[in-house]
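# Architecture at a glance
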Amino acid sequence: MKNIQSRMFRLTVISVFIVTLLFSITACHAQSTPGRALLALSKANHTLAIVDPATLNILARIPVGEDPHEVVASTDGKTAYVCIYGGGSLHEINIIDLVAQKPLTNIDTRPLFGPHDITFINGKAWFTAEGSKAVGRYDPATGKLDWSMGTGQDRTHMLHVTADGKIIYTTNVSSGTVSILSDTLVAPPFPGAKPHEDWMQTVIHTARGSEGFDVSPDGHELWTASSEDGSITIIDLAAKRQSAKVDAKVNGANRLKFTPDGKMVFISSLQSGELTIYDVATRKEVKRLKLGKGAAGILMDPVGTRAFVACSADNYIAIIDLKTLEVTSHLDVGGVPDGLAWSVQQ
């Protein structure tokens, strides 16, 4: 009997030791989200990868919906919002806890369909709803959609919202236009009435297939590239009119981004896999890099003087040095990478 009790005691001690060891190993390998993290979507794997930008190690992969396209982090860097697009047919935005590294809840965007691009301004998530030809806004404080506006344009796709939340820019791919939506104080229609707030739209023609765009760091110009004719359209934002068109030969253009200093523009091509770099002042081509078979999402890194370009057809992200304009490495976050964003915890 004593021998049996002794053996049972030893087995208990060994079991406790093994459990403690496994817990310690798990704890050692658990990696928290850093204060500044790279967020990257995989369309094929249906995941959001959290990446340490210093080491390029993938810290976590969090499941998201079936067709994730764009992602943004909240101002405090603790929450991510992922648009589930479905070619304009779906109606879901996933909310992700970046601290606990787990899904939270899903926003049903109906009656707005096809959420595609998304940004976070003034405590709210603003998004395009391509299937509904509209722009919408979600308020995390109330858990509800609190505003929307139709554009009347086809494939309202990418967007930029000014820091004060008063102006929205969006490209309408199939219409070949850019919409400028302005929050305006309208004069009363009759004496004694008070002025009221209204949103006004200005539509500027560009070229069919104008999709990727960016606003210059100084806020003076908007550049957009056409996937169909390969041109770049430049818009004077103060005048709200087209100021120039460049025959850039960037056919298949998917995304366009200014470098943090505003001196160069990067344009990715999903058709050719090239990254075309333009000088903003001269409006001349500086360089073309062959990144792979198809290049899509672009994210600038103002801290590390790098650019991250999602090569969707190649299943990797290419990293480009902004000083040498050369590819320095590749990052695997899963199949068909696309949407990229930064989260900075405050």
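Here goes a summary of the coordinates provided. In this text the structure is predicted, and so the values were computed from the model without any measurement. (Residues numbered from 1 in each chain as written. Predicted model: local features only at pLDDT ≥ 70, side-chain atom pairs only at ≥ 80, totals over all residues. Heavy atoms only, no water.)

## Focus on the overall build of the protein chain
To keep it simple, the criterion reads: Helix and strand assignments come from DSSP, with helices taken as H or I runs of at least 4 residues and strands as E runs of at least 2, each series counted from the N terminus. We call a residue buried when its accessible area falls under 20% of the maximum for its residue type, exposed when it is over 50%, and partly exposed in between, using a 1.4 Å probe and counting protein chains only. Contacts are residue-level and defined by heavy atoms, with any inter-residue pair within 4.5 Å sufficient. Only the protein chains shown count as cover for residues, and the accessible areas themselves come from Shrake-Rupley with a 1.4 Å probe. Under this rule, positive means Lys or Arg and negative means Asp or Glu; His and the chain ends count for nothing. Lys charges are placed at NZ, Arg charges at CZ, Asp charges at CG and Glu charges at CD.
The helix and strand tally for the protein chain stands at one helix and 28 strands. The principal-axis extent of the C-alpha atoms belonging to the protein chain is close to 100 × 55 × 35 Å. Counting the 346 residues in the protein chain, one finds 51% classified as buried. Contacts in the protein chain between residues at least 24 apart in sequence constitute 44% of all its contacts with a sequence separation of at least 6. A total of about 15700 Å² of accessible surface is found on the protein chain, and carbon and sulfur atoms cover 55% of it. Of the side-chain charges in the protein chain, 32 are positive and 35 negative, and the distance between the mean point of each set is 6 Å.

## Quick word on the layout of surface pockets
Note the threshold: Two kinds of site are reported from a 1 Å grid over the protein atoms alone, namely cavities, where a 1.4 Å probe fits but cannot get out, and pockets, open sets with protein on both sides within 12 Å along at least five of seven lines, and residues are called lining when an atom falls within 4 Å of a point. Grid points are joined across faces, edges and corners, and a volume is the space filled by probe spheres set on the points. Under this grouping Gly is polar, as are all residues other than the nonpolar Ala, Val, Leu, Ile, Met, Phe, Trp, Tyr, Cys and Pro and the charged Asp, Glu, Lys and Arg.
Here the largest pocket is characterised by a volume of approximately 1300 Å³. T119, H160, D214, K257 and L299 are the residues nearest the centre of the largest pocket, which is lined by 45 residues in total. Counting residues per element, the ones that place at least two in the lining of the largest pocket are β4 (68-73), β8 (115-121), β12 (156-161), β16 (210-215), β20 (253-258), β24 (298-301) and β28 (337-344). A per-element tally of the lining of the largest pocket places β28 first, with seven residues. Of the residues that constitute the lining of the largest pocket, the class distribution is 25 nonpolar, 13 polar and seven charged. Its boundaries defined by the atoms lining it, the second largest pocket holds a volume of some 210 Å³. What lines the second largest pocket is a set of 20 residues, among which K43, E211, N254, R255 and L270 lie closest to the centre. For the lining of the second largest pocket, the leading source of residues is β20, giving three residues. Here the residues of the lining of the second largest pocket are counted per class, giving six nonpolar, eight polar and six charged.

## Here's the deal with the pattern of salt bridges
To keep it simple, the criterion reads: When a carboxyl oxygen of Asp or Glu lies within 4 Å of a side-chain nitrogen of Lys or Arg, that pair is called a salt bridge.
For the coordinates displayed, the defined rule picks out 18 salt bridges. Here K43 and D338 are joined by a salt bridge, their closest N and O atoms 3.1 Å apart. Linking K43 in the loop between β1 (36-42) and β2 (47-51) with D338 in strand β28, this pair joins segments that are 295 residues apart in sequence. According to the relative accessible area criterion, D338 is buried, its value standing at 2%.

## Quick notes on the sheet that holds strand β14 (residues 177-186)
The condition that has to hold: What makes two strands pair is DSSP finding at least two bridges between them. Convention adopted: a line fitted to C-alpha atoms gives each axis, helices being fitted over their contacting stretch, and angles between N-to-C directions are expressed from 0 to 180 degrees.
Spatially, four strands are ordered β12-β13-β14-β15 in an open sheet, and the strand pairing comes out antiparallel. Two strands close off the open sheet at either side, each with one partner strand: β12 and β15 (196-205). Across this sheet, the average inter-strand angle for adjacent strands is 25°, counted without regard to direction. As paired strands, β12 and strand β13 (residues 167-172) are joined by five bridges and run antiparallel to one another. Bridge pairing links H160 to Y169 in β13.

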